[in-house]
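One-letter residues, chain by chain:
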Amino acid sequence: MGTRTVQAAAVIAITLLLTGCSTGGDVRDKSTPSGTPAAAEKAETTRACVDAIADRAAAHKGGAVRSHPAPAPCARLSDADYLDAYMKGLEQAHSAARKTSQGETGKAADGGGS
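This write-up is about the structure you can find in this document.

Parameters at a glance
- Residues numbered from 1 in each chain as written.
- Predicted model: local features only at pLDDT ≥ 70, side-chain atom pairs only at ≥ 80, totals over all residues.
- Heavy atoms only, no water.
- Helix = DSSP H or I, 4+ residues; strand = E, 2+ residues; numbered from the N terminus.
- Expected span 1.5 Å × (residues − 1).
- Buried < 20%, exposed > 50% of the residue type's maximum accessible area, 1.4 Å probe, protein only.
- Polar contact = N/O pair within 3.5 Å; in protein donor to acceptor, adjacent residues only side chain to side chain.
- Core = buried A, V, L, I, M, F, W, Y, C linked by side-chain atoms within 4.5 Å.
- Phe/Tyr/Trp six-rings, centres within 6.5 Å; stacked < 30°, edge-to-face > 60°.

What to know about helix α3 (residues 37–59)
- Taking 1.5 Å of rise per residue, the 23 residues of α3 would be expected to cover 33 Å, and the 33 Å separating its terminal C-alpha atoms lies within 8% of that figure.
- All of the buried residues in α3 are Thr-45, Thr-46, Cys-49, Val-50, Ala-52, Ile-53, Ala-54 and Ala-57.

Examining the side chain of Ser-67
- Summarising the element assignment, Ser-67 is placed in the loop between α3 and α4 (79–112).
- Side-chain polar atoms of Ser-67 contact the side chain of His-68, separated by 3.1 Å.

A short note on the nonpolar core
- Counting 13 residues, the largest nonpolar core has Cys-49, Ile-53, Tyr-82 and Tyr-86 as the members making the most contacts within it.
- For this core, the elements supplying multiple residues, two or more each, are α3 and α4.

A few points about the packing of aromatic side chains
- Counting across every chain of the model gives one aromatic pair.
- With a centroid separation of 6.2 Å and an interplanar angle of 45 degrees, the aromatic rings of Tyr-82 and Tyr-86 are classed as tilted. Taken together, the residues Tyr-82 and Tyr-86, both in helix α4 and four residues apart, mark about one turn of the helix. You'll find Tyr-82 and Tyr-86 in the same group, each marked buried.

Now the structure itself:
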């Protein structure tokens, strides 16, 4: 049931991002050739954005995670790049939550028999 909530929140966020995005942010990104320092900077910015979104998602147990306002590390990303980072951040948070809950279940099973 929690997965459906997250999926519904993601669909709503994607819809909001796509309907409210009419700026030409991607045009500037295409003028910079890949493999330059700007590409490395963009990758670092994206990684920081993903981590910020994952932290925000981890703080909201079982609830919808708003895509806006965007965390500060995401401010320089284009709308499309922010959406990709947003989805990756949610995936990262859910993966970490699954690992944590599996670890707690394993500890309970190990400690419960003694």
